[in-house]
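What follows is each chain in one-letter form.
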Amino acid sequence: MKKSEIKDLVSKLTLEEKAMLLSGKDAWSTVPIPRLGIPSINLSDGPHGLRQCNGLGWGESVPATCFPPAVLLACSFDEELAKKQGAAIGEEAQDQNVQIVLGPGNNIKRSPLGGRCFEYFSEDPVLSGHIAAGVIEGIQSKKAGTALKHFACNSQETERFVIDEKISERALREIYLASFEYPVKKAKPTTLMCAYNRINGDYCSQSKWLLTDVLRSEWGFKGFVMSDWGAVDNRAQGVYAGLELEMPGTGEENKRELVNAVNGGPVAMPPVDPKFRNKLTMRQIDKAVTRLLEVVFALHEKKTEKPCDYAKHHRTAVEIARESMVLLKNSGALPIKGGKTAVIGEMAVRPRYQGGGSSCVNAIDVTKPLDAMREYGEVEYAQGYSLDDDADYSRINEAADLAAGCDRAVIICGLPDSYESEGYDRTHINLPDSHLRLIDEVVRKQPNTVVVLCNGAPVAMPFIGKVNAVLEAYLGGEGAGQAIADLLYGKANPCGKLAETFPQFIEQTPSYGNFPGENSRVEYSEGIYVGYRWYEKHKIPPLFPFGYGLSYTTFRYDSITLSADEMTENDSLTVTVKLTNTGSVDGKEAVQLYVRQEAPRVSRPEKELKAFKKVFIKAGETAEAVFTLDRRDFAYWDDKYHCWRVDSDKFTILAGGSSDNCPLAASVQVTSQQQYCEPLNIHTQFMELKTHPKGKTFTDRLRTAIGGDKFDEIFAHLPQDWPLRTLVQMYDSKLTMPMLVKLIEQTNQE
C-alpha cells in the first residue's frame, strides 16, 4: 500500500480505533479494523527458531527447527552463516503464517552471570552487531519481519522490570548502543523491541532520547518500536517518546489512557517526563499509527507459497553448530581414531541444546550425541550424573570403571536447565559438583579423557589441566549431537572462536561487585571496559581470551599491508592480511582485526575489534583477508562534546587469531580534520592552549600583558593542568581578574 493511501486510511480512523491499533489484539497479534480493511499480523518468539504459543506462552509451542542459539552462532565469526540461519527461520515464519519474528537478541554480555547470556551474541559490539545484521537480513530476505531486541542494556534478569542502570554516555555509545547501531543502519530491521529496564532513570519504553533522538534522528530507523511483553510503564508517555506498539494487548485500559491523554481527560498514570505534561497531540498519535500500518500492510502483502523444507533446515542447524563449536584444548586426543570410547554423561542421551524461557523452541528433530557417535565407532555409555539431582554422586564409580576399560573417555556435561534461564541470573560460574567429581574420578582411571561442555555462558574449569581435550559445544540447537560427533571424530575441522572471555574466577569479571546491583539500581562502574577490554587493561589473564579457538590444523600469519601510512580521519584504509595453513588438514580461520591508539588523550582500551573475516584455506596454501577501516574505527565517544571524535595520533592495526594473539602489526598516522574546542574561559587549562585554535593568539596577548621575562619565568615552572585563573591567584604576574577576562573575551571574539 502506498504512503498516500495509508495517510488517507489514518484520516478515516476514529481516535478510539487509533488507540486500539497501538496495542496488541492479544499476546501474539495486532488489532485489525475490518471496516477499513486493516488486517492483523502475527508475531512469534524466534531468536533461534519459531515459538508460536497460545496465551502468554506457558505451554507447548508449534514444532519448528531449533537452530543454534546466539551464544553459539556468534562463535562462527561468520556473518554469511548468520544470514543463512536467518533465511531458514524466515522460511519457517512464512510457512507458519508469522509476519514478525521476535529476534534477534543483541544485548551486550556485561556479566557471565546474566540469565539470558545464551540469547545474546557477544561481549563485543562489532561482533554482536555484524552477526545480528546477518540474522536480520536472512529473515527479511524471506519476506518476514524482525524485531531486534532488547533496546537497550537488558544485561540482567534480576529486577529487570524496574532496575535503573547507571551508565555513562561514553559506555552507552561505544559498547551498549553500538551493538544495535550497526544492524539498524545496515540491515534495517522491521521493528525494534524496547527493553524492560531503566537507563539513567528513564524506562526504555518511554525514553524519547533513546527511541526518537538516537534511534530515529541519528540512526535513521524507519520501522516501528514495540514493547517487550509487559514493559510499558506510562502508555501515553511511551507514544510521546516513540513507542508505537504495546505488547501484549491490554484492552480498554490503555486505549482509554491514550484517548484521555489526547482529549485532556483523567489518566491513571502520572507523567514522569516534565516535558510531556501528560498531553498527547493527534499528530503524534497519527504518526505512530502510520508507522505501524506501513509495516502491517507491507508484511501482510508479502507471502510466498514455496513449501518449507524442515529436513533441509535440520541439516543447516547441524552445519551451523559444527562451524561454531570451539575447541579449547587438545593434547592429541582429538580427533578420535579407532578403539573403544566410553561416552559418559546424561547429556549424551538428554542433550541440553537451548536455553529456557521465551526462546525455548519445540524442536522437530533432536539428535542425541550418543546416537551420532555410534555411527563413527565402538562406544559404551554410562550415565555418570543425574540431570534431575545435581547432588547425586551414585553413578560416578560405575562411569569411571567403564572408562578404565576403554581407550578413551568422552564426558558430556555442563549446566542443567535449572542453572540458567530467562527470569533469573546465575550466582556463580561453577559446574554442578557432581559433574566436577565425575571428571576427577574418570581422569584418575582414564588419563585419555575429553570433556564436551554444554552450557549457555562461561563456566570455571578447575579440571582444565587434567583432561586431554575440551570442546565448548555451548547450546547447539537440535543438531548439536551430530555436530559434536562430527568434530570429535574429525569429519569436520573445528573453526569456532569464543565470542566472550572466559574468566578463571567470577571475581575477575568487570562487573564483579556491581552485578546485579541493589535497591533496584546498578552501577556500570567498569564503563567501556567490558569483556576483553577489561582483562587487557588490567593485565588479568583469563582462562580463555576473546576470539580464541583451536583447529586440527595450524595457521601462520605472514604479513599485514596498509594502503597508506598516513591518512585523514575522513579517508578509508584498506588492510590486507596474508596467512598460510601450515598443517595437513584443510581448515577455516577467523581473522580478527584490532585497532589501538598509541597516545590517547583519554583512557582507551589496549585494542578493540574492528573487523573480522572467516577464510577457508587448504592445507599448505596461502590466502588473503581484506578489510576496510573508516573514521568510526578510529573514533571514541567524547562525553564533553557529545560526538564521535578522532584525535590526531598514530594508530596500530593488529591482526591475529584471538584478542591476545595478534602477531601482525602495522601503523598509520591519522590526522584529525575537526577541531574540538569550547571558547576560552578562566577555567581553560594551560595545556589546552597548545591545541586550541586560538591558543597561540591568547598566549601572545598574555605574554605582552605580563611582560616577556616574567612570562617566561612563570611558564617555565607552571603545572600544565592548572587553569588560567591561577595566574591571578597564585602568581605575582601583575595580572588582575578583569584583565584576564578581557584578554579572553578579545581572543574569543576574533
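A short tour of the structure in this document, coming up.

About the cut-offs
- Residues numbered from 1 in each chain as written.
- Predicted model: local features only at pLDDT ≥ 70, side-chain atom pairs only at ≥ 80, totals over all residues.
- Heavy atoms only, no water.
- Helix = DSSP H or I, 4+ residues; strand = E, 2+ residues; numbered from the N terminus.
- Rg over C-alpha atoms; globule rule 2.2 N^0.38 Å.
- Buried < 20%, exposed > 50% of the residue type's maximum accessible area, 1.4 Å probe, protein only.
- Contact = heavy atoms within 4.5 Å.
- Polar contact = N/O pair within 3.5 Å; in protein donor to acceptor, adjacent residues only side chain to side chain.
- Expected span 1.5 Å × (residues − 1).
- Pairing = 2+ DSSP bridges.
- Axes fitted to C-alpha atoms, helices over the stretch in contact; angles between N-to-C directions.
- Core = buried A, V, L, I, M, F, W, Y, C linked by side-chain atoms within 4.5 Å.
- 1 Å grid on protein atoms, 1.4 Å probe; cavity = no way out; pocket = protein on both sides within 12 Å on 5 of 7 lines; lining within 4 Å.
- Points joined across faces, edges and corners; volume = space filled by probe spheres on them.
- Nonpolar A, V, L, I, M, F, W, Y, C, P; charged D, E, K, R; others polar.

Our focus in this paragraph is the overall build of the protein chain. When you go through the protein chain residue by residue, the secondary structure sums to 21 helices and 25 strands. The globule rule puts the C-alpha radius of gyration for 750 residues at 27 Å, and the 29 Å found for the protein chain is close to it. Dimensions of the protein chain, computed from C-alpha atoms along their principal axes, come out at roughly 95 × 70 × 45 Å. Considering the protein chain as a whole, with its 750 residues, one finds that 60% of them fall into the buried category. Across the protein chain, every contact between residues at least 6 apart in sequence was considered, and the portion connecting residues at least 24 apart equals 75%.

Right, let's get into the side chain of Glu174. Looking at the secondary structure, you find Glu174 in helix 6 (residues 169-176). Taking relative accessible area as the criterion, Glu174 reaches 8% and is therefore assigned buried. Within the structure, Glu174 has its side chain in polar contact with the side chain of Arg170 (distance 2.6 Å). A distance of 2.9 Å separates the side chain of Glu174 from the backbone nitrogen of Trp637, its partner in a polar contact. With residues up to four places along the chain from it excluded, the contact list for Glu174 reads Pro125, Ile528, Glu608, Tyr636, Trp637 and Trp644.

In this section: helix 15 (residues 433-445). Across its 13 residues, helix 15 extends 19 Å between first and last C-alpha, which sits within 8% of the 18 Å expected from 1.5 Å per residue. When we look at burial in helix 15, the residues that qualify are Ser434, His435, Leu436, Leu438, Ile439, Glu441, Val442 and Val443. As for helix 15, its buried residues are in contact with strand 10 (340-344), helix 14 (396-404), strand 12 (408-414) and strand 13 (449-454).

This part covers the sheet that holds strand 19 (residues 587-597). Ordered in space as 17-25-24-19-20, the five strands form an open sheet in which the pairing is mixed. At either margin of the open sheet sits one strand with a lone partner, and together these are strand 17 (566-568) and strand 20 (608-617). Ignoring which end each strand starts from, the neighbouring axes of this sheet average 25° apart. Pairing of strand 19 with strand 24 (residues 649-656) involves six bridges; the strand directions are antiparallel. Counted as the bridge partner of Leu593 is Ala655 from strand 24.

Turning our eyes to something else, we now look at the nonpolar core. Counting 147 residues, the largest nonpolar core has Phe151, Tyr176, Met325, Ile344, Met461, Phe463 and Leu488 as its most contacted members. In terms of residue count, the dominant contributor to this core is helix 5 (residues 125-140) (eight residues). Those residues in contact with Met461 that sit more than four places away from it in its chain are Leu328, Leu453, Val470, Phe502, Leu543 and Phe544.

As a further point, take empty space enclosed by the protein. Evaluation of the coordinates by the stated rule reveals six cavities of 30 Å³ or more. Of the volumes computed, that of the largest cavity is approximately 100 Å³. If you go around the largest cavity, you meet 13 residues; those closest to its centre are Lys109, Arg110, Pro112, Glu123 and Thr501. Its residues assigned to classes, the lining of the largest cavity comprises five nonpolar, four polar and four charged. Computed from the structure, the second largest cavity encloses a volume of approximately 60 Å³. Lining the second largest cavity are 13 residues, with Gly114, Cys117, Tyr120, Asn154 and Ser155 sitting closest to its centre. Its residues assigned to classes, the lining of the second largest cavity shows three nonpolar, six polar and four charged.

Between Gly103 and Pro104 the backbone carries a cis peptide bond, its omega angle lying at 5°. A cis amide bond links Lys149 with the next residue in sequence, His150, at an omega value of -10°. On the secondary structure map, His150 appears in strand 3 (residues 145-151). The residue Asn200 is not glycine, and still its phi comes out positive at about 50°. With respect to the helices and strands, the residue Asn200 is situated in the loop between strand 6 (198-199) and strand 7 (202-203). By relative accessible area, Asn200 is classed as partly exposed at 38%. Located in the positive-phi region is Ser520, a residue other than glycine, with phi close to 60°. If you trace the backbone, Ser520 turns up in the loop between helix 16 (480-488) and strand 15 (521-523).

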